[in-house]
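Notes for the structure review
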Amino acid sequence: MMRSRSRLVMQLQVCLSALALACLPAAPAFAQDAAALLKAPAGATSCSGCHGASGSALPTLSNLTAAQIEDAMTAFSSGTREATLMNRIAKGYSPEETRAIAVWIAAQPAKAGASK
Amino acid sequence: MSGSLTRRSWLGGFAAATLFAPAVLAQAKPRVIVIGGGYGGATCARNLHRLGMAVTLIEENAVYTSCPFSNLVLHGSRDIAAQQFNYDAIAREGVEVVAMRAQGVDGAARRVLLSDGRTLAYDRLVLSPGIDVRFDALPGYDSSAADIMPHAWKAGAQTLLLRKQLEAMPDGGTFVMSVPNNPYRCPPGPYERASLIAHYFKTQKPKSKLIVLDAKDVFSKQRLFLDAWKALYPDILEYVPLASGGKTTEIDAKTKTVITEFGAHKGDVVNVIPPQRAGAIAEVAGATDRSGWCPIDPVTFESKLQPNIHVIGDAAIAGAMPKSAFSANAQAKACAQAIALLTSGQAAREPKLINTCYSLVAPDYGISVAGVYQPGKGILADVPGAGGVSQLNASPGARATEAQYAHDWFNITTAEVFG
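Residues numbered from 1 in each chain as written. Chains lettered and ligands numbered in written order. Predicted model: local features only at pLDDT ≥ 70, side-chain atom pairs only at ≥ 80, totals over all residues. Heavy atoms only, no water.

1. Focus on the overall build of chain B
Using the following cut-off: Note on conventions: DSSP H or I runs of at least 4 residues are helices, E runs of at least 2 residues are strands, and numbering of each starts at the N terminus. Computation of the radius of gyration draws on C-alpha atoms, with the globule rule given as 2.2 Å multiplied by the number of residues to the power 0.38. Each residue gets one of three labels from its accessible area relative to the maximum for its type: buried under 20%, exposed over 50%, partly exposed in between, using a 1.4 Å probe on protein chains only. The contact criterion used is simple: two residues touch if any of their non-hydrogen atoms lie within 4.5 Å.
Per the secondary structure count, chain B includes ten helices and 25 strands. Relative to its length of 419 residues, chain B is compact, with a C-alpha radius of gyration of 22 Å against a globular reference of 22 Å. With the C-alpha coordinates of chain B rotated into their principal frame, the extents come out at 75 × 45 × 40 Å. Within chain B, the proportion of its 419 residues that are buried is 57%. If you take every contact in chain B between residues at least 6 apart in sequence, the share linking residues at least 24 apart comes to 64%.

2. Some details on the sheet that holds strand β15 (residues 257-260) of chain B
All names here are of chain B. Heads up, the rule is: Two strands qualify as a pair provided DSSP detects at least 2 bridges between them. Lines fitted to C-alpha atoms define the axes, with helix axes restricted to the stretch in contact, and inter-axis angles between N-to-C directions lie between 0 and 180 degrees.
Pairing is antiparallel across the open sheet formed by three strands, whose spatial order is β14-β15-β16. One side of each edge strand has no neighbouring strand; the edge strands of this open sheet are β14 (248-252) and β16 (264-266). Taking the axes of each pair of neighbouring strands and ignoring which way they run, one obtains an average angle of 20 degrees across the sheet.

3. What about the confidence of the model for chain B?
Residues and elements named next belong to chain B. The following threshold applies: What pLDDT conveys is the predictor's confidence in a given residue, as a value from 0 to 100.
Here chain B shows a mean pLDDT of 94. Residues at 70 or above account for 94%. Every residue in residues 1-26 scores below 50 in pLDDT, and together they form 37 contacts with partners more than four places removed in sequence or on other chains. Interface confidence for the predicted complex, given as ipTM, is 0.88, next to a pTM of 0.89.

4. Remarks on the confidence of the model for chain A
Residue and element names in this part refer to chain A. With 66% of its residues at a pLDDT of 70 or more, chain A shows a mean pLDDT of 78. Per-element confidence in chain A is highest for helix α3 (residues 66-78), whose mean pLDDT is 98, and lowest for helix α1 (residues 2-23), whose mean pLDDT is 44. For residues 1-28, every residue scores under 50 in pLDDT, and the model assigns this stretch 19 contacts once sequence neighbours within four places are set aside. Counting interchain partners and residues more than four positions distant, the pLDDT-below-50 stretch residues 112-116 has 15 contacts.

5. Describing helix α2 (residues 39-50) of chain B
Residues and elements named next belong to chain B. Rules: How far a helix is expected to stretch is found by multiplying one less than its residue total by 1.5 Å.
With twelve residues, α2 should cover 16 Å at 1.5 Å per step; its first-to-last C-alpha distance of 17 Å lies within 8% of that length. With eleven of twelve residues buried, α2 is to be regarded as a mostly interior element. Looking at α2, one finds that the buried residues are Tyr-39, Gly-40, Gly-41, Ala-42, Thr-43, Cys-44, Ala-45, Arg-46, Asn-47, Leu-48 and His-49. Count one or two residues on from α2 and you reach Gly-52, which has phi positive near 95 degrees.

6. Some points on the packing of helix α5 (residues 157-168) of chain B against helix α6 (residues 189-204) of chain B
All names here are of chain B. For clarity, the threshold we go by: Here roughly perpendicular refers to angles of 65 to 115 degrees, roughly parallel to angles under 35, roughly antiparallel to angles over 145, and oblique to all remaining angles. The sense of a crossing depends on the near helix, which, turned anticlockwise from the far helix by less than a right angle, makes the crossing left-handed and, turned clockwise, makes it right-handed. Residue polarity is assigned by list, with Asp, Glu, Lys and Arg as charged and Ala, Val, Leu, Ile, Met, Phe, Trp, Tyr, Cys and Pro as nonpolar; anything else, Gly included, falls into the polar class.
Where α5 contacts α6, the two axes come as close as 11 Å, and the packing angle between them is 30 degrees. The angle between the axes of α5 and α6 places the two elements in the roughly parallel class. As α5 packs across α6, the resulting crossing turns out to be right-handed. Two secondary-structure elements touch here, α5 through Leu-162, Arg-163, Leu-166 and Glu-167 and α6 through Arg-193, Ile-197, Tyr-200 and Phe-201. Its residues assigned to classes, the contact of α5 with α6 shows five nonpolar, no polar and three charged.

7. Description of the pairing of strand β1 (residues 31-35) of chain B
All names here are of chain B. Inclusion rule: The crossover handedness rule: strands pointing away from the viewer, path from first strand over the helix to second strand clockwise, crossover right-handed.
Among the five residues in β1, five count as buried, and that is most of the element. Residues of β1 alternate between two faces, with Arg-31, Ile-33 and Ile-35 on one and Val-32 and Val-34 on the opposite face, all of them buried. Bridging between β1 and strand β2 (residues 54-58) involves five bridges; their strand directions are parallel. By the bridge assignment for β2, Ile-35 is matched with Ile-58. What joins β1 to β2 is α2, and the crossover it makes is right-handed. Sheet analysis places β1 next to strand β9 (residues 124-127), joined by four bridges and oriented parallel. Along β9, the bridge assignment pairs Ile-33 with Leu-125.

8. Structural notes on the pattern of salt bridges
All names here are of chain B. Here is the rule: A side-chain nitrogen of Lys or Arg and a carboxyl oxygen of Asp or Glu constitute a salt bridge if their distance falls within 4 Å.
According to the stated counting rule, one finds 16 salt bridges over all chains in the structure shown. A salt bridge links Glu-302 to Arg-124, with the nearest nitrogen and oxygen atoms 3.4 Å apart. Pair noted here: Glu-302 is in the loop between β19 (294-295) and β20 (309-311) and Arg-124 is in strand β9, with a separation of 178 residues, a long-range link. In this pair, the class of Glu-302 matches that of Arg-124, namely buried. With a closest N to O distance of 3.0 Å, Lys-154 and Asp-132 form a salt bridge. Of this pair, Lys-154 sits in the loop between β10 (131-133) and α5 while Asp-132 sits in strand β10, and the two are 22 residues apart along the sequence. The class for Lys-154 is partly exposed, based on a relative accessible area of 33%. We classify Asp-132 as partly exposed; its relative accessible area is 21%.

9. What about the environment of Leu125(B)?
Residues and elements named next belong to chain B. Take Leu-125: it is sitting in strand β9. With 177 residues separating them along the chain, Leu-125 and Glu-302 place their C-alpha atoms 9.3 Å apart. Non-local contacts of Leu-125, meaning those with residues more than four positions away in its chain, are made with Ile-33, Ile-35, Val-105, Val-112, Asn-308, Ile-309 and His-310.

10. Concerning the packing of aromatic side chains
Residues and elements named next belong to chain B. For clarity, the threshold we go by: Think of it this way: a Phe, Tyr or Trp ring, Trp meaning its six-membered ring, pairs with another when their centres are within 6.5 Å, and the plane angle makes it stacked under 30 degrees, edge-to-face over 60, tilted otherwise. Two conditions define a charge sitting above a ring: the NZ of Lys or the CZ of Arg must be within 6 Å of the ring centre, and it must be within 35 degrees of the ring normal.
Evaluated as defined, the whole model comprises 21 aromatic pairs over all chains. Relative to Phe-219, the ring of Tyr-191 has its centre 3.8 Å away and its plane inclined at 15 degrees; by these criteria the two rings are stacked. With Tyr-191 in helix α6 and Phe-219 in the loop between β12 (209-214) and α7 (222-232), this residue pair connects regions lying 28 residues apart in the sequence. Judged by its relative accessible area of 8%, Phe-219 is buried. Through a chain of ring-to-ring contacts, the aromatic side chains of Tyr-39, Tyr-64, Phe-69, Phe-85, Tyr-87, Trp-409, Phe-410 and Phe-418 assemble into a single cluster. Across from the ring centre of Tyr-200, 4.4 Å away, lies the NZ or CZ of Arg-163, which sits over that ring.

What follows is the structure in structure tokens.
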């Protein structure tokens, strides 16, 4: 009796965890996330090491358009915009690479806490 | 889709509830195991999961203690708790976290052996084991000597031990640091440490001295550090490069003495940063070469010695990229993408990677080095024209801004990795 009961509980648990998986509301977002990550152009995923949610002296990128990101990178690279560090980074990318990164970052959904 | 309990979701649920993914599962997700839960491994595990892999993260410590910013713990202005992170958020997201030591890798059978005897199968394995300090490199410096003269190059108990010794040191005492030749974890780390301990002395124990014995003549952000030391700590900090006999040849733990090519330096407190190698599991897996580090393909991070095993972070020979937390985090994301492409039958794309390292010369005085890297001539090479260090002769305001950025980097990166 005890045995069959515990087996029932186990089956129920398996069933519940399967249900939980099948009902995950985040599943479509995950799929989108996966597709975006798979397509990330060279260099694009490094940026989030410093640029995250807002509320920091390091600016968030989540409220910027692709054109704004591209313009900023171009200005850092040419030296028309001053920076402590970004000018050294921006010089490492061609105009095409910069544009691809800007477009990709601007297309990312804002993470929790980011102000988009 | 939601609500319909198909056979596939039943199986999926079962697989998620057990440690083994049955290899017979039709169209099973690629199974990736990540060993090591630091800045590299934890980031890689998360990104692999987001890319649709079935991911297991093997990390024996339930709590991770960050090396970056641990020099502020030595300085006395930061609690070790601010350095510590757990894996709860990563597990909640769907990564299977196994709090156990990986003690074997069978590359031919693609299996990892756990410390409790179980084995886990993988399609791809990522090694991110960080470093091990070498207790066979400096005569006299073994693990028991590290209880007397801490290395504090793996954060945690060693950091707290060194801090306790610094607190107990009387004003007027001598602190000696031994710094190794390249390569080692965090190239500017020893010089940041020397700076912050000099700042502690200047503000709390002004009659004390600090001697840095270095096994090399050239180091990261050198001009910036030397200029700052001259301005801030001229009577406290003495730097002895290789050319002046700075290379440590032997340690005498009994008398707390560092023996160099030209003499002997006895300290009241001694910090020996010994030579290092890739974390032990890398050698067990056959992924290390004679240097003790792991040669990798610069596009995929796959080991040049072991197929289906990728190595990221400090353990890897990453060409021009330094062994830093920022590098490990950037490599982890590129490696996860490469694995996702490879396991779906596509070619990996050439990555472009960034490194940024801030160092604090004083609590409100930050300096940085940055670089951009891409595959070239078989390694991760510097992108010409990019990168470099903070401006010499920058204003105090610019130094304060970089100090603030250092803190922000820590908070943002640790949120991305562990939060």
